[in-house]
Amino acid sequence: MTEKDIDEFRRAVEGARPLRHEPRAPVQKPRPKPHARFTKADERAVLAESLEDDIDTIEHGYGAALRFQREHVGRRTMRKLQRGGFSVQAEIDLHGMTLEEAKPALSDFINYSASQGKYCVRIVHGKGLGSGHRGPVLKNAVNRWLRRWDCVLAFVSTRQVDGGTGAVYVLLQDA
């Protein structure tokens, strides 16, 4: 800045008076963050509950739909299966059976159906509502068993009219 600039500034503000001092608004302290009182207890309860269930119950839940397909089964086929587009050629109802009764019955049914050239069958396993805190025991067991058998190409939970999440459509290949 030059001397000339300073003189011009002084002339420009020559008649100016300072503003009256007004009190400012009081500064408020920031409010503390809300603290959830039951978060820790809820987290402990969820952890304890998850440790009681087996992994299948946790993954699939009580009302969750089942779904499985081998690598070579296409999306169109799965969509058609899920919509109930295949004719169900045989059915087995496992309601009320224990695991020890259900596994051989299901194994015999799958093997016989595959040997007879049946392509689509329905398995009614139930939703597991009577299993109490253990969750759907038979449903989860059927899910595990079907995945292990080579003649099972794919399976999905049925449409609501055919049992919903309490049954599955199963695609088979010739044994």
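Residues numbered from 1 in each chain as written. Predicted model: local features only at pLDDT ≥ 70, side-chain atom pairs only at ≥ 80, totals over all residues. Heavy atoms only, no water.

Caption draft 1: Highlighting the overall build of the protein chain. When its secondary structure is counted, the protein chain shows six helices and five strands. Counting helices and strands in the order they occur from the N terminus, the protein chain gives α-α-α-β-α-β-α-β-α-β-β. By residue count, 33% of the 175 residues in the protein chain fall in the buried class. Contacts in the protein chain between residues far apart in sequence, at least 24 positions, make up 70% of those at least 6 positions apart. Split by element, the accessible area of the protein chain, about 12900 Å² in all, is 52% carbon and sulfur. (Helix = DSSP H or I, 4+ residues; strand = E, 2+ residues; numbered from the N terminus. Buried < 20%, exposed > 50% of the residue type's maximum accessible area, 1.4 Å probe, protein only. Contact = heavy atoms within 4.5 Å. Areas by Shrake-Rupley, 256 points an atom, 1.4 Å probe, with all protein chains shown as cover.)

Caption draft 2: Spatial organisation of the packing of aromatic side chains. Tallying each qualifying case throughout the model produces two aromatic pairs. Between F86 and Y119, the aromatic rings sit 5.5 Å apart at their centres with planes inclined by 65°, giving edge-to-face as the arrangement. Remark: Y119 occurs in the loop between helix 5 (99-115) and strand 3 (120-124) and F86 occurs in the loop between helix 4 (75-82) and strand 2 (90-93); sequence separation between them is 33 residues. Given the relative accessible area of 16%, F86 is considered buried. The aromatic ring of F86 is capped on one face by K80, whose charged end is 4.6 Å from the ring centroid. (Phe/Tyr/Trp six-rings, centres within 6.5 Å; stacked < 30°, edge-to-face > 60°. Lys NZ or Arg CZ within 6 Å of the ring centre and 35° of its normal.)

Caption draft 3: Representation of helix 5. Given a rise of 1.5 Å per residue, 17 residues ought to cover 24 Å, and the 24 Å separating the end C-alpha atoms of helix 5 matches this to within 8%. Of all the positions in helix 5, only A102, L106, S107, F109, I110, S113 and A114 are classed as buried. The buried residues of helix 5 occupy an angular sector of 165° when the element is viewed end-on, so they sit on one face. Every exposed residue of helix 5 that faces more than 90 degrees away from the buried side is listed here: E100, D108 and Y112. (Expected span 1.5 Å × (residues − 1). Arc of directions from axis to C-beta.)

Caption draft 4: Inspection of the side chain of R122 at higher detail. Mapping R122 onto the fold places it in strand 3. A polar atom in the side chain of R122 sits 2.3 Å from the side chain of E91. (Polar contact = N/O pair within 3.5 Å; in protein donor to acceptor, adjacent residues only side chain to side chain.)

Caption draft 5: Spotlight on the nonpolar core. Counting 24 residues, the largest nonpolar core has L106, I110, I123, L146 and V170 as the members making the most contacts within it. Listing elements by their share of this core, those giving two or more residues are strand 2, helix 5, strand 3, helix 6 (137-148), strand 4 (152-157) and strand 5 (167-172). Those residues in contact with V170 that lie beyond four places of it in its chain are Y119, C120, V121, I123, L146, V152, A154 and F155. Listed in part, the 10 residues of the second largest apolar core include F86, C120, A154 and L171. (Core = buried A, V, L, I, M, F, W, Y, C linked by side-chain atoms within 4.5 Å.)

Caption draft 6: Local environment of the sheet that holds strand 4. Taken in spatial order, the five strands line up as 1-4-5-3-2 in an open sheet, and their pairing is mixed. In this open sheet, the two edge strands, each paired with only one partner strand, are strand 1 (67-69) and strand 2. Put simply, the sheet's adjacent strands are angled 20° from each other on average, direction ignored. The pairing of strand 2 with strand 3 spans four bridges and is classified as parallel. Among the inter-strand pairings, A90 is bridged to a residue of strand 3, identified as V121. Strands strand 1, strand 3, strand 4 and strand 5 of the sheet are contacted by helix 4, whose axis makes an angle of about 45° with strand 4. (Pairing = 2+ DSSP bridges. Axes fitted to C-alpha atoms, helices over the stretch in contact; angles between N-to-C directions.)

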